[in-house]
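So you can see what is in the structure, the chains are spelled out below.
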Amino acid sequence: MPDKYETVIGLEVHSQLLTTSKMFCPCGSDYQDSEPNTRVCPVCMGMPGVLPVVNKKAVDLVIKTGLALNCSISPETKFDRKNYPYPDLMKGYQISQFDIPIALSGNLAIQVGDAEERQIGITRVHLEEDVAKLIHRKEPYGDSYSLLDINRAGVPLMEIVSEPDMRSPEEANEYLTNLHSIIRFVETSTANMEEGSFRCDANISIRPVGSEELGAKVEIKNVNSFRSVFRALKHEETRQRKLLESGQTIEQETRGWSDERGTTLSQRTKEYAADYRYFPEPDLPPILISRDWVKKIQTQIPELPSAKKERYIEVLGLSEYDASVMIADKEATVLFETSLPFLSQSMNSKEAAKTVANWINVDLNRMKNEHKSTWNEIKIEPAELAKLVLLVDAGKISNSMAKAVFDEMFINGGDPNKISEDKGLSQINDTESIQNVVSEILLENPSAVEDYLDGKDSAVRFLVGQVMKKTKGQANPQVASEMVTAELGRKREP
Ligand SMILES: [Zn+2]
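The sections below set out a description of the structure shown in this document. Worth saying up front: this structure is predicted, and the values here are computed from it rather than measured. All chains use their own residue numbering, which begins from 1 and follows the written sequence. Given that the model is predicted, a residue must reach a pLDDT of at least 70 before its local features are reported, and side-chain atom pairs must reach 80 or more before they are shown or counted; all residues, however, enter totals for whole chains, interfaces and linings. Values reported for side chains reflect all heavy atoms of the structure, with hydrogen atoms and water molecules removed beforehand.

Let us look at the overall build of the protein. Under the scheme used here, helices are H or I runs from DSSP no shorter than 4 residues and strands are E runs no shorter than 2 residues, and both carry numbers assigned from the N terminus. A tally of helices and strands in the protein yields 15 helices and 16 strands. Both definitions apply: the radius of gyration is a C-alpha atom measure, and the globule rule equals 2.2 Å times residues to the power 0.38. Relative to the globule expectation of 23 Å for 494 residues, the C-alpha radius of gyration of the protein, 30 Å, shows a markedly less compact shape. C-alpha atoms of the protein, sized along the principal axes, occupy 100 × 60 × 55 Å. Here the term buried applies to any residue with accessible area under 20% of the maximum for its type, exposed to any over 50%, and partly exposed to those in between, with areas from a 1.4 Å probe on protein chains only. Here the protein holds 494 residues, and the buried ones make up 47% of them. At a minimum sequence separation of 6, the contacts of the protein that also span at least 24 residues come to 69%. We call two residues contacting when some pair of their heavy atoms lies within 4.5 Å.

This is the structure in structure tokens:
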């Protein structure tokens with residue numbers, strides 16, 4: 001049965017900008033690692049009579065993000081006051097951008113499963129300031145109260161607003177993943193979702209298929225992981241469809257997501273929706289963005305994930321899957337690309353790319369998950385990874401030995417040649433010593449030899465296993481297998 005309803009999703013992402021100082025004052029923006037209320041001054045505390053000054057670096061970073069998202073950059077932009085009373089908002093208003101954002105009308109490509117690639121519109125990217133942080137406390141037998149840490153107030157924030165172009169939670173997840181990856185590649189934000197430097201609000205509505213009008217939209221606020229955004233949208237999609245199918249109406253409202261309960265909960269209905277009374281910020285002059293300024297930033301944009309993926313597939317011969325896994329992580333692409341030159345003299349370039357990609361996508365990710373490591377903690381150097389690839393390629397160590405060496409390199413770093421020596425890992429390739437072991441094993445296992453002569457080919461596998469056991473796994477298994485087969489073959493001949 002064809003689907004009667006269509007899901008419509010738009011996302012708003014807030015991402016903290018990678019500047020050393022705050023948006024309108026010289027205070028450090030390193031609020032994550034500092035004691036509460038140590039990165040403050042009269043400007044970010046919202047004292048009367050002080051004047052904000054624009055951090056130019058923050059404007060640069062929004063232009064850069066806008067260009068990476070194929071946006072037009074406004075020749076002239078301005079700041080506006082967004083008024084609302086809340087304890088974490090020091091001035092009683094937030095300096096934001098209302099009608100003339102820095103960047104507008106861009107797009108971002110997504111591709112889900114086997115479906116065709118689709119372009120999701122980017123409505124705008126604008127610049128604003130973050131708010132302070134409220135810490136709620138409750139004494140075991142006493143009052144509950146809130147503490148205020150102003151360190152985060154005034155940290156530069158960009159807001160990236162999409163068009164309501166996504167048609168499923170899967171598409172929203174893909175959009176978010178790609179956007180995150182682009183921001184990491186252009187280095188405009190750490191975009192760390194767990195630390196709150198990348199936050200997502202989602203709008204979702206349902207309408208009958210074929211309708212041009214949007215249904216009543218529900219906004220889900222501040223969900224703090226990719227997985228939670230996906231789960232919240234899935235839950236909300238089902239909830240709204242059920243309401244419509246049972247003839248009820250959907251109320252336009254803001255809902256929160258509860259990870260533990262796996263459900264969205266009503267927070268604020270339309271009657272209480274805020275009226276922000278935007279007006280131009282009188283303390284800041286408009287900013288003229290010259291085309292030379294834009295051109296200069298354009299030259300700083302590196303190869304973006306989508307272009308990288310295409311090159312990995314077309315030029316380096318990676319599979320679609322391997323290329324997709326690789327580009328999801330900027331640091332992985334750096335390790336990948338800096339390892340390859342060390343192999344260019346000794347291996348076919350596609351063979352080298354495939355092998356290195358495999359180490360990174362499979363083994364490095366396995367270790368990274370097991371140890372919950374950040375990239376700063378991973379000790380593998382490109383030159384050493386290349387050496388490991390060559391050790392295996394030359395047959396000096398087996399694949400399973402190489403995994404043990406790799407795990408050691410991951411945690412402590414070092415030269416794989418030395419690690420394999422220290423661990424006593426080396427593959428025996430010299431045919432004479434393997435031949436000796438094979439002869440011994442055949443003598444020691446007459447019944448298996450008998451089985452083989454009776455026509456049981458599985459006896460070969462058993463005997464090779466015995467050779468591997470006797471050499472403590474160091475015999476080259478392929479050589480051992482060939483020799484066992486040859487030796488048995490000689491016995492079968494009359
Ligand atoms: Zn300050």
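Once you've had a look at it, read on.
The next subject is the coordination of the zinc ion. Water is not part of the atom set, so a site may look incomplete; the donors themselves are N, O and S atoms within 2.8 Å of the metal, or 3.2 Å for Na, K and Ca. Taken together, the protein donors to the zinc ion comprise Cys-25 (SG), Cys-27 (SG), Cys-41 (SG) and Cys-44 (SG), at separations of 2.2 to 2.4 Å. For four-coordinate sites, all angles between 85 and 135 degrees define a tetrahedron; for four- and six-coordinate sites, opposite donors beyond 155 degrees with the remaining angles between 65 and 115 define square planar and octahedral shapes respectively, and all other cases count as irregular. One can describe the site at the zinc ion as tetrahedral: its four donor atoms subtend angles covering 100 to 114° at the metal. Spacing between the donor residues of the zinc ion along their common chain follows C-x1-C-x13-C-x2-C. Of this pair, Cys-27 sits in the loop between strand 1 (5–16) and helix 1 (56–68) while Cys-41 sits in the loop between strand 1 and helix 1, and the two are 14 residues apart along the sequence.

What follows covers the sheet that holds strand 4 (residues 80–83). The rule for pairing is simple: two strands pair if DSSP sees at least two bridges between them. Pairing is antiparallel across the open sheet formed by three strands, whose spatial order is 5-4-15. Where the open sheet ends on each side, the last strands, each with one partner, are strand 5 (93–96) and strand 15 (279–280).

In this section: the nonpolar core. Buried Ala, Val, Leu, Ile, Met, Phe, Trp, Tyr and Cys residues that are joined via side-chain atoms within 4.5 Å together make up what is termed a nonpolar core. Counting 65 residues, the largest nonpolar core has Leu-11, Ile-63, Leu-69, Val-125, Leu-127, Ile-160 and Tyr-175 as the members making the most contacts within it. Formed by 37 residues, the second largest nonpolar core is a distinct cluster that contains Ala-323, Ala-353, Leu-364 and Leu-385.

This brings us to the pattern of salt bridges. By definition, a salt bridge exists where a carboxyl oxygen of Asp or Glu is found within 4 Å of a side-chain nitrogen of Lys or Arg. Going through the model one piece at a time under the given rule, you end up with 37 salt bridges. Where Asp-80 meets Lys-78, a salt bridge forms, and the shortest distance between an N and an O atom there is 2.4 Å. Lys-78 gets classed as buried once you look at its relative accessible area, which sits at 17%. A salt bridge links Asp-407 to Arg-366, with the nearest nitrogen and oxygen atoms 3.1 Å apart.

So, about the pairing of strand 13 (residues 253–258). Burial analysis of strand 13 places six of its six residues in the buried class, the great majority of the element. Residues Glu-253, Arg-255 and Trp-257 point to one face of strand 13 and Thr-254, Gly-256 and Ser-258 to the other, with burial holding for every one of them. With three bridges joining them, strand 12 (residues 218–223) and strand 13 adopt parallel strand pairing. Across the sheet, Glu-219 pairs through a bridge with Thr-254, a residue of strand 13. A crossover links strand 12 with its parallel partner strand 13, the connecting element being helix 3 (residues 226–245), and its sense is left-handed. Whether a crossover is right-handed comes down to one check: with the strands pointing away from the viewer, does the path from the first strand over the helix to the second run clockwise; if it does, it is right-handed.

Further remarks concern a nonpolar patch on the surface. The patches reported here contain residues having more than 30% relative accessible area and no salt bridge. Joining distances are 9 Å for like charges and 5 Å for nonpolar side chains (Val, Leu, Ile, Met, Phe, Trp, Tyr). Exposure was quantified through the Shrake-Rupley algorithm and a 1.4 Å probe, taking into account, for residues, occlusion by the shown protein chains and nothing else. A grouping of Ile-135, Tyr-145 and Leu-147 is seen on the molecular surface, where their side chains present a nonpolar patch of about 210 Å² in accessible area. In this fold, Leu-147 is placed in strand 9 (residues 144–149). Judged by relative accessible area, which is 34%, Leu-147 ranks as partly exposed.

With axes taken as lines fitted to C-alpha atoms, and helix axes fitted only over the stretch in contact, angles between N-to-C directions fall between 0 and 180 degrees. At a closest axis distance of 10 Å, the pairing of helix 9 (residues 382–393) and helix 10 (residues 399–412) adopts a crossing angle of 165°. By the angle between their axes, helix 9 is roughly antiparallel relative to helix 10. In this structure, helix 9 meets helix 10 at a crossing whose hand is right-handed. Listed contacts from helix 10 to Glu-384, Leu-385, Leu-388 and Val-392 of helix 9 are Asn-399, Ala-402, Val-405, Phe-406 and Met-409. The residue classification treats Ala, Val, Leu, Ile, Met, Phe, Trp, Tyr, Cys and Pro as nonpolar and Asp, Glu, Lys and Arg as charged. All others, Gly included, are polar. Here the contact of helix 9 with helix 10 is built from residues that sort into seven nonpolar, one polar and one charged. Working definition: roughly parallel below 35 degrees, roughly antiparallel above 145 degrees, roughly perpendicular at 65 to 115 degrees, and oblique for all remaining angles. If you view the pair so one helix is near and one far, a crossing is left-handed when the near helix is turned anticlockwise from the far one by less than a right angle, and right-handed when it is turned clockwise.

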